[in-house]
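Listed here are the chains, written in short residue letters.
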Amino acid sequence: MNYILHLLIMIGIYLILGYGLNLVVGFGGLLSLCHAVFYGIGAYATTMLMMKAGWTFLPAVGGAVIITAFFAFLVGFPALKFRGDSFVLVTLGFQMIVFTVLYNWVEMTRGPYGIPGIPRPSVAGYEISSLPAYLLLVAVMLGISVLVLFTLYRSPFGLALKALRDNEMAAEGLGKSPVHLFLFAFVIAGMIASVAGSLYATYVTYIDPTSFTLDESIFLLVILLVGGSGNRLGPLLGTVFMILLPEALRFLGLPDTVAPNVRQVIYGLVLILFMFLRPQGIAGKYSPR
Amino acid sequence: MKQEGLKIKKVSKSVNGLRIVDGVTASFLPGRITALIGPNGAGKTTLFHLITGELFPDSGKVLYRGETITCLSPYRVARKGVGRLFQDVRVFENLSVYENVASACYKHKTETPWFPFFRPGRLRTIDQQISEKVEYWLDYVGLAANKDDSGSDLSYGQQKLVAIARLLAGGFSLMLLDEPTSGLNSVMIRKVLSLLEKIVEEDKEKTIVLVEHDMSVVREIADWVYFMNEGKIAFFGRTDHVLGDKEVREIYLGF
């Protein structure tokens, strides 16, 4: 039972990340390889605010969102001078830089040692430490994020992003400002990722930089590639598939020595098959490459 | 005197040391269809780029309705009412026909991420108005039945109609049309031409400028013609006057 609750909590956290990134990748058509950066900054900022500044959970989440928005703006502004492959490479660069800083700035982040003993969140006097309570907290946060994002998806803002994605020159010719709209999308996606970071840090109660690597950014992108982006269903299918796939492979009963390798191979194969058979993802119409 | 229409004053542009547009002065008046003709490489499309802000001129000025629009970004030029039909059409392929046209209608203030949260009621009203507007213009260009098709499902001719509907619904008072009839069959050409004539007839505030290679099209719908050659305006005047000129015939028409 605990195992299932744990999976549901992780699915909830990744849904927040997936739906947020969908705004940039699915609506804006920009392949970002640094989404884990904002997830990480959110996690670290929440931890610092709670442990060093003594804030309670909800204010810390809010503070982390603002801090992450600032960093997303800092990254997005130069990155959005570029499109296509160059944009991918610039975001990759930021991913590397931030990881290196988190890893080496030992006085601030404790680097590779990580930060243990992060307090559990307490909301309105209740400490949330049991799994069902935590699942409820994640569900509420997910609900709020999804409500905000779905409103944006079908707003004039979402439509303008899709127009820019399909043909930037034509959309600009209709009065859409690419710089403003893309930057808004990028910063909002970062802020949403920060919320996921807050939840992760206080759920696991330990963070270190290896949770926010390039691998993680790629994983988030793969969620959208597999599930389909630019719509409401894709991130859900992608997240469920990508989180449950390795769990399902656990039950194959492989000997312990080869199991992790075989799982990686199967995982890779599934991705390749997707690129061949369904490049737009399970639920997608639009293929972001 | 009231400043009207589009005025281009001594605009020049060089690319890699080559003068593509060389001191062009021209004015395009509302209620009129003006054709820009000339051989390939004469600088017609470049002139469009200079008007819409895709390129900035090295010297000279572009004014629309008395306002300088030189060196504004394309989206700012567009917000002044300057709309463009691209030579390669550029419909939004993954959007429905409806969404294609609707995307042209929203004013940029409604396109901020916070607008749906702070003004939900206002947005519902706007959505409703725009939905009526889109239906009207889709009907106008004859695509009402294709409302839910996605952009990529349409024929090339239908895509041009969607692009024209975008300009009409978006309320662009200046329409720069880069070869609106190229690649169309004769039925579609007739459809586009009668549409353009209807547009200027019904709205005298609309200024239409088209780049066109088909002289029978120019003769049929253009009131006024600018003939460009080697980056300069070589001739201009009433359509029959320019097309009847001996030198124009020699340089361009070859007879």
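The model shown is predicted, which means the values in this text are computed figures rather than measured ones. (Residues numbered from 1 in each chain as written. Chains lettered and ligands numbered in written order. Predicted model: local features only at pLDDT ≥ 70, side-chain atom pairs only at ≥ 80, totals over all residues.)

Colleague: Go over the overall build of chain B, please, and point to the residues and values.
Modeller: Across its full length, chain B holds 10 helices and 10 strands. Taken against the 2.2 N^0.38 rule, which gives 18 Å for 255 residues, the C-alpha radius of gyration of chain B at 19 Å falls within 12% of a compact globule. Dimensions of chain B, computed from C-alpha atoms along their principal axes, come out at roughly 60 × 40 × 40 Å. Across chain B, every contact between residues at least 6 apart in sequence was considered, and the portion connecting residues at least 24 apart equals 68%. (Helix = DSSP H or I, 4+ residues; strand = E, 2+ residues; numbered from the N terminus. Rg over C-alpha atoms; globule rule 2.2 N^0.38 Å. Contact = placed C-beta atoms within 7 Å.)

Colleague: Give a detailed account of the overall build of chain A, specifying residues and quantitative values.
Modeller: Helix and strand counts for chain A come out as 12 helices and 2 strands. In chain A, the succession of α and β elements from N to C terminus is α-α-α-α-α-β-β-α-α-α-α-α-α-α. In terms of C-alpha radius of gyration, chain A reaches 19 Å, essentially the compact-globule figure of 19 Å for 289 residues. A principal-axis box enclosing the C-alpha atoms of chain A has dimensions of 55 × 45 × 35 Å. Among the 289 residues that make up chain A, the fraction classed as buried is 47%. Of the contacts made within chain A by residues no fewer than 6 positions apart, 76% connect residues no fewer than 24 positions apart. (Buried ≥ 20, exposed ≤ 12 C-beta atoms within 10 Å, placed from the backbone.)

Colleague: Give a detailed account of the pairing of strand β3 (residues 32-37) of chain B, specifying residues and quantitative values.
Modeller: Residues and elements named next belong to chain B. Of all 6 residues in β3, 5 are buried; the element is thus mostly enclosed. As defined by bridge partners, β3 adjoins strand β8 (residues 207-211) across 5 bridges and the pair is classed as parallel. Bridging across to β8, L36 finds its partner in V211. Pairing geometry for β3 and strand β9 (residues 224-229), over 4 bridges, is parallel. Bridging from a neighbouring strand, T34 pairs with W224 of β9. (Pairing = 2+ DSSP bridges.)

Colleague: Could you give me a rundown of the sheet that holds strand β5 (residues 67-68) of chain B, with the residues and numbers involved?
Modeller: All names here are of chain B. Judged by pairing direction, the sheet is antiparallel, and its 4 strands sit side by side in the order β2-β1-β4-β5 without closing on themselves. With partners counted over all chains shown, the strands left at the sheet margins are β2 (18-28) and β5, one partner each. As paired strands, strand β4 (residues 59-64) and β5 are joined by 2 bridges and run antiparallel to one another. Across the sheet, L63 pairs through a bridge with T68, a residue of β5. Packing against the sheet, helix α1 (residues 44-52) makes contact with β1 (6-15), β2 and β4, and its axis sits at approximately 65° to β2. (Axes fitted to C-alpha atoms, helices over the stretch in contact; angles between N-to-C directions.)

Colleague: I'd love a proper account of the sheet that holds β3(B), names of residues and values included.
Modeller: Residue and element names in this part refer to chain B. Ordered in space as β6-β7-β8-β3-β9-β10, the 6 strands form an open sheet in which the pairing is mixed. Both edges of this open sheet fall to β6 (82-85) and β10 (232-238), since each of them pairs with a single strand only. Neighbour to neighbour, the strand axes of the sheet diverge by 20° on average, direction disregarded. Strands in contact with α1 are β3, β6, β7 (174-178), β8 and β9; relative to β7, the strand with the most contacts, it is inclined by about 150°.

Colleague: Could you give an account of the packing of helix α1 (residues 2-27) of chain A against helix α11 (residues 234-250) of chain A, with specific residues and numbers?
Modeller: Residues and elements named next belong to chain A. Running from amino to carboxyl end, α1 crosses α11 at an angle of 135°, the nearest separation of the two axes being 8 Å. By the angle class used here, α1 and α11 are oblique. Relative to α11, α1 is oriented so that their crossing is right-handed. Of the residues in α11, those touching α1 at L7, M10, I11, Y14, L15, G18, Y19, N22 and G26 are G234, P235, L236, G238, T239, V240, I243 and E247. (Parallel < 35°, antiparallel > 145°, perpendicular 65-115°, else oblique. Left-handed = near helix turned anticlockwise from the far one by under 90°.)

Colleague: An account of the interface of chain B and chain A is requested, with residue identities and associated values reported.
Modeller: Interface size is commonly expressed as the accessible surface area that is lost when the partners come together. Tallying the contact residues gives 28 residues for chain B and 24 residues for chain A. Looking at the side of chain B that touches chain A, the elements that each hand over two or more residues are α2 (74-79), β6, α3 (97-105) and α4 (115-118) of chain B. Per-class residue counts for the side of chain B that touches chain A are 13 nonpolar, 8 polar and 7 charged. (Nonpolar A, V, L, I, M, F, W, Y, C, P; charged D, E, K, R; others polar.)

Colleague: Please give an account of unusual backbone geometry that cites residues and values.
Modeller: Residue and element names in this part refer to chain B. Non-glycine residue K10 carries a positive phi angle of around 45°. Along the chain, K10 falls in strand β1. Look at K10 and you get exposed, because 12 C-beta atoms sit within 10 Å. For R65, which is not glycine, the phi torsion reads 50° and is therefore positive. Its location among the elements puts R65 in the loop between β4 and β5.

Colleague: Tell me about the confidence of the model for chain A, and please be specific about residues and values.
Modeller: With 99% of its residues at a pLDDT of 70 or more, chain A has an overall mean of 89. When mean pLDDT is compared element by element in chain A, helix α9 (residues 178-204) of chain A scores highest at 95, while helix α12 (residues 259-277) of chain A scores lowest at 80. (pLDDT = per-residue confidence, 0-100.)

Colleague: Outline the nonpolar core, listing residues and values.
Modeller: The biggest cluster of nonpolar side chains holds 158 residues, and the ones touching the most others in it are A185(A), V101(B) and A165(B). In terms of residues, this core owes the most to one element, α9(A), which gives 17 residues. The residues touching V101(B), leaving out its near neighbours within four places in the chain, are V134(B), W137(B), L138(B), V162(B), A165(B), R166(B) and A169(B). (Core = buried A, V, L, I, M, F, W, Y, C linked by C-beta atoms within 7 Å.)

Colleague: Kindly report on the environment of V209(B), identifying the contributing residues and their values.
Modeller: Residues and elements named next belong to chain B. Looking at where V209 falls in the secondary structure, it is placed in strand β8. Assessed through the 26 C-beta atoms surrounding it within 10 Å, V209 is described here as buried. In this structure, the C-alpha to C-alpha distance between V209 and W224, residues 15 residues apart in sequence, is 9.6 Å. Ignoring anything within four residues of it in the chain, the contact list for V209 reads F28, T34, L36, L176 and L177.

Colleague: Which residues make up α11(A), and what are the values?
Modeller: Across its 17 residues, α11(A) extends 25 Å between first and last C-alpha, which sits within 8% of the 24 Å expected from 1.5 Å per residue. At its buried positions, α11(A) is contacted by α1 and α10 (214-227) of chain A. (Expected span 1.5 Å × (residues − 1).)

Colleague: I'd like a description of the packing of helix α2 (residues 35-51) of chain A against helix α4 (residues 84-104) of chain A, backed by residues and values.
Modeller: Residues and elements named next belong to chain A. Viewed as axis vectors pointing N to C, α2 and α4 meet at an angle of 25°, and their least axial separation amounts to 9 Å. Classified by the angle their axes make, α2 and α4 are roughly parallel. For the pair α2 and α4, the crossing hand works out as left-handed. Along the contact surface, α2 presents A36, V37, G40 and Y44, while α4 presents F94, Q95, V98 and L102. Per-class residue counts for the contact of α2 with α4 are 6 nonpolar, 2 polar and no charged.

Colleague: Describe the confidence of the model for chain B, listing the residues and the values that go with them.
Modeller: Of the residues in chain B, 98% have a pLDDT of 70 or more, and the chain-wide mean is 89. Across the interface, the model reports ipTM at 0.90; the global pTM reads 0.90.

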